[in-house]
Amino acid sequence: MGMRSKRTAGLYLAGVLVSGFGSTAMWLASGIWVKSLTGSDSLAALTAFALWAPALLGPLLGTVADRVRRGRLMVWSNAAMAALLPTLLWVNAADRVWLLFAVLVLYGAQGAVHEAAEAALAASALDKRRLGDFNGLRMTANEGMKLIAPLAAAGLFARYGGGPVALLDSVTFAVAAGLFALMRIREEKPVRPESAHWLRDTAEGLRAIRSSPVVRPLVGSGAFTMLLAGLNGAAVYAVVDGGLGRSPAYAGVLYAVQGAGSVVAGLTVGPLLRRVPERLVSAAGLALFAAAAGVRAVPHDGVALAASAVIGLGLPWVLVAAMAAVQRETPADTVGRAAATTNTLVFVPNALALAAGAGLVAVLDIRVLLPLAGAAGLVGAAALAMRGADRTRDRSHGTTATADRADRAGT
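Predicted, not measured: the structure shown is a model, and the values here were computed from it.

### Concerning the pattern of salt bridges
Working step 1: All chains considered together, the criterion is met by five salt bridges.
Working step 2: With a shortest N-O distance of 2.6 Å, Arg-328 and Glu-329 are connected by a salt bridge.
Working step 3: When its relative accessible area of 22% is taken as the criterion, Arg-328 is described as partly exposed.
Working step 4: Given the relative accessible area of 32%, Glu-329 is considered partly exposed.
Working step 5: It is possible to trace a salt-bridge network through shared partners that takes in Glu-278, Arg-328 and Glu-329.

Written out as C-alpha cells, the structure reads:
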C-alpha cells in the first residue's frame, strides 16, 4: 500500500472509529429514550427497525453512490447528519417521539449510502490485495466501539437524558466529516450513461453479483449464514434463562464476549485472505459459527461463553470475504450498487429469521433448534468448501500470493 493509500486508510479508519462510537451510543439510547417517554416496549423495539428498514432500499441507495464522487458524498452525508441530530433536543415528550423515528429512518438511509460509497471508494483508492486487511480493520474499529460506547451512552442517558447523547453523536459525525475531507483522493466525476434509467441502473448491482462465479456463492454464503445467525439471535434469551438459569441481563455478557471475538476476527481476516481463497475463508467462518451455535444448547456457562467468542470470530470472516470479493471483482462504476445490494441480500434474511426464530423458540426446545441450525450450517460450509473454484480466480489468487511474497522479500 503506497504512502498516500496508507494516509487515506488511516484517516478513513479514524473517521470510522469516531462515527462508530457515536452511532453505537445513539443506537442504544434511542430505544431507552422511547421506552422512557412512552412506556411502550413495542415502540422501543421499533427504533431498531427504523434504523434497519432503509437497508431494504439498499440497491437504490447504492445507485446514489455510483452517480457522484464518493469522497464528497461521505463528507456531506456525515455533515448533514451532524446538522440534523440536534433537532432531537425537541423530543422531550411522548407526543414528539415521531421526530425521533423520522430521524432514525434518515439515519439508516445515510448509513446505507455511506457504506456503499466507502466500499466503492476503498475499491478504487486502495491496493486490491489489501482490501481484506482494510475491511478487517474497519470491522475491528466498529466492534471495538461496541464494547465501549454502550457504557458511555447508558451513563450519559441516565444522568442527562437522550438530548446530550444526540449531541454527542452529532459531534462525532462532524469530526468524521472533517477526517474524510482530509483524505487525498483523486476521483473523476462519474460518467452518466446517455440512456440512464434509475430502475435499470439500480439492477446493475444485482446483475454484477449474479454474473460473477466468484462473488455469487460468497454472497449466498453470507445470506445463509446471517439467516442462521437470526435463529441463533432469537434463541439467546432462551439460552440465558432456560439453559443457563441466568437473568436476562446476562445476555449482555454473551454479546460482549462475541464482540471481543469479532475484534480478533477483524485483525486476522486480512492476512488470512491474502493466503487463502475467499471461498475457503467463508466456509471456515460458517463452520466455526455453525459449530458454536450448535453447542450453545449445552447448559454450561463456560460452553456458552466460548461459543459466543467463536461466533464472534466466524461471522466476520464470512462477511468480510464476501465484501472483499465484491470490491475486487465488480466493475469500478458498479461497486457502490453491488455493495449496497450485497448488504441487502445478506441482512434481510437475518431480520426475517429473527422474526421467525421468535416464534420457533416458543414451540421448539433450543436443544433441538440450535443443533439443527448448527448442522445446517456445517452442511452449507462443506458444500461451499467443496465447490469448484473458478480457474481464473485461482490464477489471480496465485498471482496475488506471489506478489505478497515478493513484497515481503523486498522489505
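### Things to note about a nonpolar patch on the surface
Working step 1: Among the surface-exposed residues, Leu-43, Leu-46 and Phe-49 lie close enough to one another that they form a single nonpolar patch of about 250 Å² accessible area.
Working step 2: Considering the arrangement of structural elements, one finds Leu-43 in helix 2 (residues 41-52).

### Re the packing of aromatic side chains
Working step 1: Tallied over the full model, the rule gives two aromatic pairs.
Working step 2: Residues Tyr-107 and Phe-173 carry aromatic rings whose centres are separated by 5.4 Å and whose planes lie at 70° to one another, so their mutual orientation is edge-to-face. Of this pair, Tyr-107 sits in helix 5 (residues 97-125) while Phe-173 sits in helix 7 (residues 162-181), and the two are 66 residues apart along the sequence. Assigned by exposure class, Tyr-107 and Phe-173 land together as buried.

### Observations concerning helix 4 (residues 70-84)
Working step 1: The end-to-end C-alpha distance of helix 4, which contains 15 residues, comes to 21 Å, matching closely the 21 Å that a straight helix rising 1.5 Å per residue would cover.
Working step 2: Listed as buried for helix 4 are Arg-70, Gly-71, Leu-73, Met-74, Val-75, Ser-77, Asn-78, Met-81 and Ala-82.

### Remarks on the environment of Ala-120
Working step 1: Tracing the sequence through the fold places Ala-120 in helix 5.
Working step 2: Judged by its relative accessible area of 1%, Ala-120 is buried.
Working step 3: Each C-alpha atom of the pair Ala-120 and Val-326 lies 9.4 Å from the other, and the pair is 206 residues apart in sequence.
Working step 4: What Ala-120 contacts, discounting residues up to four positions off in sequence, is Arg-70, Val-335 and Gly-336.

### Details of the side chain of Ser-262
Working step 1: Among the structural elements, Ser-262 can be located in helix 12 (residues 250-275).
Working step 2: With residues up to four places along the chain from it excluded, the contact list for Ser-262 reads Glu-143, Gly-312, Leu-313 and Pro-316.

### Topic: the nonpolar core
Nonpolar side chains tend toward joint burial in soluble globular proteins.
Working step 1: Counting residues in each nonpolar core, the largest one holds 28 residues, and the members touching the most others are Val-215, Val-219, Leu-228, Leu-286, Phe-289, Leu-315 and Val-326.
Working step 2: Elements with a minimum of two residues in this core: helix 10 (215-234), helix 13 (278-295), helix 14 (301-329), helix 15 (335-363) and helix 16 (366-386).
Working step 3: With eight residues, the top contributor of residues to this core is helix 14.
Working step 4: Not counting residues within four places of it along the chain, the set of residues in contact with Leu-228 comprises Leu-286, Phe-289, Ala-373, Ala-376 and Gly-377.

### What to know about the confidence of the model for the chain
Working step 1: Per-residue pLDDT for the chain has a mean of 81; in total, 86% of the residues score no lower than 70.
Working step 2: When pLDDT is averaged over each element of the chain, helix 13 comes out on top at 95 and helix 17 (residues 391-410) at the bottom at 36.
Working step 3: Within the model, the stretch residues 389-411 combines pLDDT values under 50 with 23 contacts to residues more than four positions away or in other chains.

### Remarks on the environment of Met-74
Working step 1: By the element assignment, Met-74 lies in helix 4.
Working step 2: Along the primary structure Met-74 and Ala-181 are separated by 107 residues, whereas in three dimensions their C-alpha atoms are 8.5 Å apart.
Working step 3: Beyond its immediate stretch of four places on either side in the chain, Met-74 contacts Tyr-12, His-114, Ala-117, Glu-118, Leu-121, Phe-180 and Met-183.

### Digging into helix 9 (residues 204-211)
Working step 1: Among the residues of helix 9, those classed as buried are Gly-205, Ala-208 and Ile-209. Burial along helix 9 is one-sided: seen end-on, the buried residues are contained in an arc of 95°. Turned more than 90 degrees away from the buried face of helix 9 sit Arg-210 and Ser-211, all of them exposed.

### Digging into the packing of helix 10 against helix 13
Working step 1: For the pair helix 10 and helix 13, the least separation of the axes is 10 Å and the interaxial angle reads 10°. In this view, helix 10 runs roughly parallel relative to helix 13, as classed from their interaxial angle. Of the residues in helix 13, those touching helix 10 at Leu-218, Ser-221, Phe-224, Thr-225, Leu-228, Ala-229 and Asn-232 are Glu-278, Arg-279, Ser-282, Leu-286, Phe-289 and Ala-293.
Working step 2: Taken together, the residues of the contact of helix 10 with helix 13 break down into seven nonpolar, four polar and two charged.

### Overview of the packing of helix 10 against helix 14
Working step 1: In contact at an axis separation of 9 Å, helix 10 and helix 14 are set at 150° when each is read in the N-to-C sense. Our classification of the angle between helix 10 and helix 14 gives roughly antiparallel. Crossing of helix 10 over helix 14 shows left-handed handedness. Facing helix 10, whose interface residues are Val-215, Leu-218, Val-219, Ser-221, Gly-222, Thr-225, Met-226, Ala-229 and Asn-232, helix 14 presents Ile-311, Leu-315, Val-318, Leu-319, Ala-321, Ala-322, Ala-325, Val-326 and Glu-329.
Working step 2: Broken down by class, the residue content of the contact of helix 10 with helix 14 amounts to 13 nonpolar, four polar and one charged.

Conventions adopted
- Residues numbered from 1 in each chain as written.
- Predicted model: local features only at pLDDT ≥ 70, side-chain atom pairs only at ≥ 80, totals over all residues.
- Heavy atoms only, no water.
- Salt bridge = Lys/Arg side-chain N within 4 Å of Asp/Glu carboxyl O.
- Buried < 20%, exposed > 50% of the residue type's maximum accessible area, 1.4 Å probe, protein only.
- Patch = residues over 30% accessible without salt bridge, like charges linked within 9 Å, V, L, I, M, F, W, Y side chains within 5 Å.
- Areas by Shrake-Rupley, 256 points an atom, 1.4 Å probe, with all protein chains shown as cover.
- Helix = DSSP H or I, 4+ residues; strand = E, 2+ residues; numbered from the N terminus.
- Phe/Tyr/Trp six-rings, centres within 6.5 Å; stacked < 30°, edge-to-face > 60°.
- Expected span 1.5 Å × (residues − 1).
- Contact = heavy atoms within 4.5 Å.
- Core = buried A, V, L, I, M, F, W, Y, C linked by side-chain atoms within 4.5 Å.
- pLDDT = per-residue confidence, 0-100.
- Arc of directions from axis to C-beta.
- Axes fitted to C-alpha atoms, helices over the stretch in contact; angles between N-to-C directions.
- Parallel < 35°, antiparallel > 145°, perpendicular 65-115°, else oblique.
- Nonpolar A, V, L, I, M, F, W, Y, C, P; charged D, E, K, R; others polar.
- Left-handed = near helix turned anticlockwise from the far one by under 90°.

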